[in-house]
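Below, each chain spelled out in residue letters.
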Amino acid sequence: MHPAAAAAPAAPHFFDGFEEHNLATPEGDIFYRIAGNGPPLVLLHGYPQTSAMWHAIAPVLAETYQVICPDLRGYGRSVKPTTDAKHSPYAKRAMAGDVLALMDHLGHDRFLIGAHDRGGRVAHRLAADHPERVVALSVLDIAPTREMYRDASSAFAHTYWHWYWLTLPHPFPENLIGADPAFFWLKKCGAGSAGLSPFVQQALDEYLTCFSKPEAIHGACEDYRAAATIDIAHDDADPTKLQMPLLALWGKDGAIEAHFDCLALWQERAANVRGWALPGGHYLAEQHPDKVLEAWLPFFAEASA
């Protein structure tokens, strides 16, 4: 265990009652955690994390829903496919395809989505491409990809430097990160006002272990390269607005609050939007899980009804 993980406080409970499985797909396995017996709710994590980020939220939701927490392709214990010149294996459309395959495997025609960061971008593309499948979705601390790139200022670029640096051609960022992946992860994710305090020992150990692999570093870079290219092309080709309910939540102390009108940007992409800032920074599900649940429980209950 990395010393930073060993020094972090251990959570007394960590996915108690959840099972771990792998879904075999033509490109490789998709790892997921699952528990509960209610309406299906899939939770999609962000960068540079895994499904472990839902450890404080998923068990509470599993009292009402069947909660499915996959690792996105390129991350965690899921497949990291070989890329191409267009980064299409890491397009959010391809990532969303894994989620659809998983939900098909579990027998769910329609489902709810809660998503953070990169997972929110996957959720957006999935809902846009397959609106009949998504009952409602909520995103944590993101605005839409195309609109964020469009409206980004130099101040945002200074704060979210990785949005640009990770898109540089292979192998420049991969080699530099790969020289000390734990150093990069800890400095990147601990740079906010909360430092590393949102992360419990079990989750931090999983993050650092998974991110230490060269193929995971490359997969994450490809995720960002796709976002700046093929994902924007898909957005440009899709002028329609999402019609299902969308709840946008973001951190009062984070970059989204500081640099964007999050609600206004989502209103450009969805017709039925509500949202507000929560206390905390980027890692809301781990820093303030109670606040996320206070918003999510009534939102998902209303959508399910």
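This text goes with the structure placed above it.
So, here's what we can say about the structure. All values reported here derive from a predicted model rather than from experimental measurement.

Conventions we followed
- Residues numbered from 1 in each chain as written.
- Predicted model: local features only at pLDDT ≥ 70, side-chain atom pairs only at ≥ 80, totals over all residues.
- Heavy atoms only, no water.
- Helix = DSSP H or I, 4+ residues; strand = E, 2+ residues; numbered from the N terminus.
- Expected span 1.5 Å × (residues − 1).
- Buried < 20%, exposed > 50% of the residue type's maximum accessible area, 1.4 Å probe, protein only.
- Pairing = 2+ DSSP bridges.

### Details of helix H3 (residues 92-105)
Each α-helix winds once per 3.6 residues, and so residues spaced three or four apart point in a common direction. The terminal C-alpha atoms of H3, which comprises 14 residues, lie 20 Å apart, in line with the 20 Å expected from a rise of 1.5 Å per residue. For H3, the set of buried residues is Lys92, Met95, Ala96, Asp98, Val99, Leu100, Leu102 and Met103.

### Some points on unusual backbone geometry
Note: most peptide bonds trans; most residues except glycine with negative phi. The omega angle of the peptide bond from tyrosine 47 to proline 48 is -10 degrees, so this bond is cis rather than trans. For the bond running from histidine 170 to proline 171, omega is 10 degrees, close enough to zero to count as cis. The phi dihedral of histidine 87 is positive, around 65 degrees, even though this residue is not glycine. For histidine 87, a relative accessible area of 16% puts it in the buried group. One non-glycine residue, aspartate 141, lies in the positive phi region at around 55 degrees. Here aspartate 141 shows up in the loop between strand E6 (134-140) and helix H5 (145-151). Given a relative accessible area of 1%, aspartate 141 falls into the buried group.

### Quick notes on the pairing of strand E3 (residues 40-44)
In terms of burial, E3 is largely enclosed, as five of its five residues are buried. Burial along E3 is two-sided: the face carrying Pro40, Val42 and Leu44 and the face carrying Leu41 and Leu43 are both buried. As paired elements, E3 and strand E4 (residues 66-70) share three bridges and run parallel to each other. Directly across from proline 40, in E4, lies its bridge partner glutamine 66. Summarising the sheet, E3 and strand E5 (residues 111-116) pair through four bridges and their orientation is parallel. The partner of valine 42 across the bridge, within E5, is isoleucine 113.

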